[in-house]
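Examining the three-dimensional arrangement
These are the residues of each chain, in order.
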Amino acid sequence: MTLKEVYNSRSVEEVVGLLGEYGSEAKLISGGTDIVIELKNKKITPKILIDISKIEELKKIKEDENHIILGSGVTFTEITENPLFKGNLHGLHKACKMVGSPQIRNKGTIGGNIANGSSAADSIPPLIALGAIIKICSIEGTREIPLEDYYINKLKSNEIITEIKFEKLNKNQNLNFAKLGLRKALAISRLSIASLIELNEEGLIENVTISSGALGKYPMREKEVEEYLINKEINETTIEEAITVLQNSMDERLKGRSTLPYKRVAVSSILRENLKEFIKTRTEVRAW
Amino acid sequence: MVNISLIVNEKLFEVSVSENLRLIDLLRDELGLIGTKEGCGEGECGACTVIMDGETVNSCLVMAFQANGSNILTIEGMEKEGKIHPIQQAYIDVGAVQCGFCIPGMVLSTKALLDKKPHPSKDEIREGISGNLCRCTGYNKMIYAAEKAIEYMEEGK
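Per an unreviewed UniProt entry, chain B is named (2Fe-2S)-binding protein, and its organism is Tissierella pigra.

By the naming in an unreviewed UniProt entry, chain A is Xanthine dehydrogenase family protein subunit M, taken from Tissierella pigra.

Below is the structure:
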């Protein structure tokens, strides 16, 4: 490691000032679950490290009438223990519960999961499916961007993610998540899918967003599957058709990649597992 | 160097540490608390688990300066007045220890679980120790040990 100076920051204002001064020489650390390994292996060699894990304003989970707002420093454990993310937001709870291990969830943060930019980050597909907006601050001011655009418009060296915001769901909307890892604990996603579906009175899909993890260079919306599913009834036949649509769009995207034949097969069971939950929610009272 | 103060095993330490030091290095190399083990060094194995401000963390993934102001419990702090903790006694009594390398972390994960949830189900125990890898036992003995520890703590042993 090559650190010359470290800071225990107590406010976003202070962090923004430090980032403005040091720019690319500085890195932020919160849970440290990825960056400490990168520092140790000299994959990154910043001179300045700024700890943001004890900044109170980043640790809050807030709600107003229509939105839920997560501070970027909220840990996965804090999300899994919060009753807000049970019920129809269960998909976010499930994704956060599948992150790493208890130790990783105690430290790892939702903002870090975004900033780190991994294609396999567990919490991202559900947040993209929810249409989350992220708030980014720098000395130049504040900007808000949809999370799904983050991966093509990443953080500048003087910026910090401070909030992740999404609209509350209505009673006809449900968020689901399914992941394929190599084992139950401590497994990085091989692929994951989140889906947000709103059913109308007749049981047809009124609104749908589907988002995938590790099926491309970064987590993304699966718009072709969404277009197929809209106005359909969710049943075994439409689920199998949706799988074919997803596989076809993967064939294009992952052309020539050695993992394509595997992911093509694996994705079918993950999308099936994910969408079958909606058949259950359609026909019975939610048990969770 | 950076000056930090932290509580480890109920004792206050005021130390000057290198910016590049990790918490595990501080505990082992500076404070001499070598009960905490380094296994993989990347948060996969849980051998370096300590309890930091009430929650388990992998001490190989925390920078020492981040522990400024924190309260840390390592395996050495489990002993009270010359007597080992009921969780440790239970691990011994059911034979949950083979090579022993994972045990400090395993015991602290068990403690953090029982502090939060005194009567966990078997599945909750499994999940509680899911961040600690053991290549000897197959884990069942640790689950029995946790159950035995609950009995011991209720009996006040």
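On we go from here.
1. Digging into the overall build of chain B
Within chain B, the secondary structure is distributed over five helices and five strands. Listed N to C, the secondary structure of chain B is β-β-α-β-β-β-α-α-α-α in terms of helices and strands. The C-alpha radius of gyration of chain B comes to 15 Å, within 12% of the 15 Å expected for a compact globule of 157 residues. Here the C-alpha coordinates of chain B stretch approximately 45 × 30 × 25 Å along the principal axes. By residue count, 54% of the 157 residues in chain B fall in the buried class. At a minimum sequence separation of 6, the contacts of chain B that also span at least 24 residues come to 56%. For chain B, the accessible area works out to roughly 7,000 Å², and carbon and sulfur atoms hold 48% of it. If you average the places of the 15 positive and of the 23 negative side-chain charges in chain B, the two averages end up 6 Å apart.

2. Looking at the packing of helix α3 (residues 103-116) of chain B against helix α5 (residues 140-155) of chain B
All names here are of chain B. The contact between α3 and α5 brings their axes to 11 Å, and the two run at 50 degrees. In terms of orientation, α3 lies oblique with respect to α5. Crossing handedness for the pair α3 and α5: right-handed. Residues Ile103, Met106, Thr110 and Leu114 of α3 pack against Met142, Ala146, Ala149, Ile150 and Met153 of α5.

3. A word on the nonpolar core
Membership of the largest hydrophobic core comes to 70 residues, with the highest contact counts inside it found for Leu127(A), Leu147(A), Phe166(A) and Leu26(B). Once residues within four sequence positions are removed from consideration, Leu127(A) is found in contact with Leu70(A), Leu92(A), Ile110(A), Ala132(A), Leu147(A), Ile164(A) and Phe166(A).

4. Regarding the UniProt feature "domain: FAD-binding PCMH-type" (unreviewed entry) in chain A
What UniProt calls "domain: FAD-binding PCMH-type" (unreviewed entry) maps, in this numbering, to residues 1-171 of chain A. Helix makes up 30% of residues 1-171 of chain A and strand 23%, and the two end C-alpha atoms of the span are 50 Å apart.

5. What about the sheet that holds strand β7 (residues 141-146) of chain A?
Residue and element names in this part refer to chain A. Taken in spatial order, the five strands line up as β4-β5-β8-β6-β7 in an open sheet, and their pairing is antiparallel. The open sheet terminates on both sides in strands that have one partner only, identified here as β4 (61-63) and β7. The mean angle between the axes of side-by-side strands here comes to 20 degrees, regardless of whether they run parallel or antiparallel. As defined by bridge partners, strand β6 (residues 133-138) adjoins β7 across six bridges and the pair is classed as antiparallel. Residue pairing for β7: Ile133 is matched across the bridge by Pro146. Contacts between helix α1 (residues 12-22) and the sheet are confined to β6 and β8 (160-167), with β8 contributing the most and set at about 130 degrees to the helix.

6. Some points on α1(A)
All names here are of chain A. Listed in full, the buried residues belonging to α1 are Val12, Val15, Val16, Leu18, Leu19 and Tyr22. On an axial view of α1, the arc spanned by its buried residues comes to 165 degrees, and they lie on one face. Within α1, the exposed residues directed more than 90 degrees away from the buried face are Glu13 and Glu21. Looking at the buried positions of α1, the neighbouring elements they touch are β1 (5-8), β2 (26-29), β3 (48-51), β6 and β8. Remark: Gly23 follows α1 within two positions and exhibits a positive phi of approximately 50 degrees.

7. Re unusual backbone geometry
All names here are of chain A. Even without being a glycine, Lys42 presents a positive backbone phi close to 55 degrees. With respect to the helices and strands, the residue Lys42 is situated in the loop between α2 (35-40) and β3. The backbone of Asn231 sits at a positive phi, close to 70 degrees, despite the residue not being glycine. Note that Asn231 resides in the loop between α9 (223-229) and α10 (236-253). You can call Asn231 exposed: its relative accessible area is 55%.

Analysis parameters
Residues numbered from 1 in each chain as written. Chains lettered and ligands numbered in written order. Predicted model: local features only at pLDDT ≥ 70, side-chain atom pairs only at ≥ 80, totals over all residues. Heavy atoms only, no water. Helix = DSSP H or I, 4+ residues; strand = E, 2+ residues; numbered from the N terminus. Rg over C-alpha atoms; globule rule 2.2 N^0.38 Å. Buried < 20%, exposed > 50% of the residue type's maximum accessible area, 1.4 Å probe, protein only. Contact = heavy atoms within 4.5 Å. Areas by Shrake-Rupley, 256 points an atom, 1.4 Å probe, with all protein chains shown as cover. Lys, Arg positive; Asp, Glu negative; His and termini not counted. Charge placed at Lys NZ, Arg CZ, Asp CG, Glu CD. Axes fitted to C-alpha atoms, helices over the stretch in contact; angles between N-to-C directions. Parallel < 35°, antiparallel > 145°, perpendicular 65-115°, else oblique. Left-handed = near helix turned anticlockwise from the far one by under 90°. Core = buried A, V, L, I, M, F, W, Y, C linked by side-chain atoms within 4.5 Å. UniProt positions renumbered as here; feature names shortened; annotations may be inferred. Pairing = 2+ DSSP bridges. Arc of directions from axis to C-beta.

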